[in-house]
Amino acid sequence: MYDIAIVGAGPAGSAAALAAARLGARVLLLDRAAFPRDKACGDGIAPQALAVAARLGVTGLADGFAPVGSLALAGPGGAAVARELPEPAYVIPREVFDARLVDAAVAAGAELHRHTVRELVLRPDGVVLGDGLAARVVVGADGANSTVRRLLGVPRNPAGALAVAVRAYAPMPTGTGAPPDRTSTEAGAPPDRTSTVAEAHPLQASVSGTAHPAVGPGGDDGQRIVMAGGSSPAYAWSFPIGDGRRNVGYGELTATGQVSRARLLERMHELLGDTDPAALSQARAHHLPLSTRRPAPGHGRVLLAGDALSLINPFTGEGIFYALVSGELAGRAAVTPGGAAAGAAYSQALRRRLGRHLRHTAAVAWLTARPWLVDAGIRAAARDRRVFDGLVALGLGDGLLTPRLLGAVARAAAHRTR
């Protein structure tokens, strides 16, 4: 009988193991895969996520990876902005990032076992997981297709709250290193060494009359996101790893939950415009259960965290920060108060920590279903550094939809319609 058994050793599970182990609990960490293992993801690691890991006593997760200092956004109607990020981000393949977290959890005292959970029996004194394994509290951190969630009888997200994405690795493009023209700014926006806006094709910014894929202030070594038009949020991404490769992909909200990998890759090639299908490797499609439709976090002695709780930002598809935060809170609640009271304590802690932010991201997701508003937001971010920083915080951390943000987007939208 363990104090806590965690199903899934990804970021949410490892964070739960770290939090519980540091409180002196006997921790069992289970995963059906052997680490290191690949995980389909954009691989973007925000500074907010690294801050949570540091609070859990884990440093060095980004060792050997160069910081990424800029982000370029292109809207569905042609608006574009490129700025330095408020804090550098990292692009770390999950094969590396997750293994480092698992190693930290084991070093903190967690017992790691390769095991597939097929049974979940609730008893007055604990939860039985089959094969002689039991714990006073169980944390389901086993991803978008969570077995723990299914065994609890909690249905998967419906199609309207489910995104489908494809991820692949590609060589960095050649011959596109010229930075955007610093003088090509939106009318009425002051020149800014870290900002550029182009009312051109959403894939391109004009540099001395030559078309180039939209890039960050530092050239083609920044993160790039190209938003697609249509009635639902969708975008392609290109994130440099720093070793001559980049993580590329495309994701969209789906009305059916079923989109072929071939179609996703086709849309990615169309939007990015600089990927060679023959040069791609490790192309994998995956589901993203969005936070706009979350189940209850706590079910007595069984808690859900990370993707298993549908904690995916509907604005950006980011989930690492949410995974680490929810895992940390679940691990603490499993120990204090622990037992049958863990579920209620965890639900309350998660609501205090992320509740307001999650409501705001749901509102942003509703707004971004309107392509003209996406372009208005990008134009506002080009005019005002604080708006850009606010959007980054909403998409990568726990930022809020402030009156400043709303006002700036409204003004940009009104300016465009005049």
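Residues numbered from 1 in each chain as written. Predicted model: local features only at pLDDT ≥ 70, side-chain atom pairs only at ≥ 80, totals over all residues. Heavy atoms only, no water.

Asker: So what exactly am I meant to see when it comes to the overall build of the chain here?
Answerer: Looking only at helices and strands, the chain features 10 helices and 18 strands. Across the chain, contacts joining residues at least 24 apart in sequence account for 72% of those joining residues at least 6 apart. Put simply, the chain shows about 16,500 Å² of open surface, and 53% of that area lies on carbon and sulfur atoms. (Helix = DSSP H or I, 4+ residues; strand = E, 2+ residues; numbered from the N terminus. Contact = heavy atoms within 4.5 Å. Areas by Shrake-Rupley, 256 points an atom, 1.4 Å probe, with all protein chains shown as cover.)

Asker: Is there a simple way to think about the sheet that holds strand S3 (residues 44-45) in this case?
Answerer: Backbone hydrogen bonds hold the strands of a sheet together, and the pairing may be parallel or antiparallel. Pairing in this open sheet of 8 strands is mixed, and the strands run S3-S5-S4-S13-S14-S15-S10-S16 from one edge to the other. Single-partner strands in this sheet number two, and they are S3 and strand S16 (281-289). When strand S10 (residues 162-171) meets strand S15 (residues 245-253), the two strands line up antiparallel, connected through 9 bridges. Across the sheet, the residue bridging to Ala165 is Gly251, located in S15. Packed onto the sheet, helix H9 (residues 385-396) meets strand S4 (68-74) and strand S5 (80-91) and runs at close to 45° relative to S5. (Pairing = 2+ DSSP bridges. Axes fitted to C-alpha atoms, helices over the stretch in contact; angles between N-to-C directions.)

Asker: Would you mind going over the packing of helix H1 (residues 11-21) against helix H3 (residues 94-107) with me for this structure?
Answerer: Between two packed helices, the angle of one axis relative to the other and the distance separating the axes together describe the packing. Running from N to C, H1 and H3 point in directions that differ by 15°, and their axes come no closer than 9 Å. In terms of axis orientation, H1 runs roughly parallel to H3. For H1 against H3, the interelement crossing comes out left-handed. Along the contact surface, H1 presents Pro11, Ser14, Ala17 and Leu18, while H3 presents Arg94, Phe97, Asp98, Leu101, Val102, Ala104 and Ala105. Of the residues belonging to the contact of H1 with H3, the class tally is 8 nonpolar, 1 polar and 2 charged. (Parallel < 35°, antiparallel > 145°, perpendicular 65-115°, else oblique. Left-handed = near helix turned anticlockwise from the far one by under 90°. Nonpolar A, V, L, I, M, F, W, Y, C, P; charged D, E, K, R; others polar.)

Asker: Help me out: how do you make sense of the environment of Arg351 in this one?
Answerer: Structurally, Arg351 is set in helix H7 (residues 342-367). On the basis of relative accessibility, which here comes to 52%, the residue Arg351 falls in the exposed class. A sequence separation of 54 residues divides Arg351 from Pro297, and the C-alpha atoms of the two residues are 9.4 Å apart. (Buried < 20%, exposed > 50% of the residue type's maximum accessible area, 1.4 Å probe, protein only.)

Asker: Explain the packing of helix H2 (residues 47-55) against helix H6 (residues 320-338) here, please?
Answerer: It is at 8 Å that the axes of H2 and H6 come closest, and there the two elements cross at 25°. With respect to H6, the axis of H2 lies roughly parallel. The way H2 lies across H6 gives a crossing that is left-handed. Residues Gln48, Ala49, Val52 and Arg55 of H2 form the contact with H6, whose own contacting residues are Ile320, Phe321, Leu324, Val325, Glu328 and Arg332.

Asker: Explanation requested: helix H5 (residues 261-272) in the structure shown.
Answerer: Because the α-helix completes a turn every 3.6 residues, residues three or four places apart line up on one side. Between its first and last C-alpha atoms H5 spans 16 Å; for 12 residues at 1.5 Å apiece the expected length is 16 Å, and the two agree. Listing the buried residues of H5 in full gives Leu264, Leu265, Arg267, Met268, His269, Leu271 and Leu272. Against S10, strand S13 (223-227), strand S14 (234-240), S15 and S16 lie the buried residues of H5. Just beyond H5, the residue with positive phi is Gly273, at close to 70°. (Expected span 1.5 Å × (residues − 1).)

Asker: Can you walk me through the nonpolar core in this structure?
Answerer: For soluble globular proteins, the rule of thumb is that nonpolar side chains tend to be buried together. The biggest cluster of nonpolar side chains holds 110 residues, and the ones touching the most others in it are Ile6, Val27, Val139 and Tyr346. Per-element tally for this core: the top contributor is H6, with 10 residues. The contacts of Ile6, once residues within four sequence positions are left out, are Gly13, Ala16, Ala17, Val27, Leu28, Leu29, Leu30, Val139 and Ala141. (Core = buried A, V, L, I, M, F, W, Y, C linked by side-chain atoms within 4.5 Å.)

Asker: Explanation requested: the environment of Arg301 in the structure shown.
Answerer: Relative to the elements of secondary structure, Arg301 occurs in the loop between strand S17 (298-299) and strand S18 (302-304). Between the alpha carbons of Arg301 and Ala135 there is a distance of 9.1 Å; along the sequence they are 166 residues apart. Leaving out residues up to four positions away in the same chain, Arg301 has contacts with Arg123, Pro124, Asp125, Gly126, Val127, Arg136, Val137, Val138, Gly339 and Ala340.

Asker: When you look at the packing of aromatic side chains in this model, what are you seeing that I'm missing?
Answerer: The description of an aromatic ring pair rests on the distance of the ring centres and on the angle between the ring planes. In this structure the tally under the stated criterion is 3 aromatic pairs. An aromatic cluster is defined as three or more aromatic residues linked by ring pairs; in this entry it consists of Tyr235, Trp237 and Phe239. A cation over a ring is seen here: Arg26 above Tyr2, with NZ or CZ 4.1 Å from the ring centre. Taking the ring centre of Tyr169 as reference, the NZ or CZ of Arg245 above it sits at 5.1 Å. (Phe/Tyr/Trp six-rings, centres within 6.5 Å; stacked < 30°, edge-to-face > 60°. Lys NZ or Arg CZ within 6 Å of the ring centre and 35° of its normal.)

Asker: Even after reading the chapter, I still don't get the pattern of salt bridges, so can you show me in this structure?
Answerer: Should their charged atoms come close, side chains of opposite charge can pair. Following the criterion strictly, the structure yields 16 salt bridges and no others. Overlapping salt bridges, with partners in common, bring together Arg37, Arg94 and Asp98 in one network. (Salt bridge = Lys/Arg side-chain N within 4 Å of Asp/Glu carboxyl O.)

Asker: I tried to follow unusual backbone geometry on my own but got confused; where do I start?
Answerer: Backbone geometry follows two general trends: most residues other than glycine have a negative phi, and most peptide bonds adopt the trans configuration. For the bond running from Phe35 to Pro36, omega is 5°, close enough to zero to count as cis. Secondary-structure assignment places Pro36 in the loop between strand S2 (27-31) and S3. The omega angle of the peptide bond from Thr336 to Pro337 is 10°, so this bond is cis rather than trans. Structurally, Pro337 is set in helix H6. For Asp43, which is not glycine, the phi torsion reads 70° and is therefore positive. By secondary structure assignment, the location of Asp43 is in the loop between S2 and S3. The buried category is assigned to Asp43, whose relative accessible area is 0%. The backbone phi angle of Asp131 is positive, close to 55°, even though this residue is not glycine. Looking at the element boundaries, Asp131 is found in the loop between strand S8 (126-130) and strand S9 (133-140). Judged by its relative accessible area of 66%, Asp131 is exposed.

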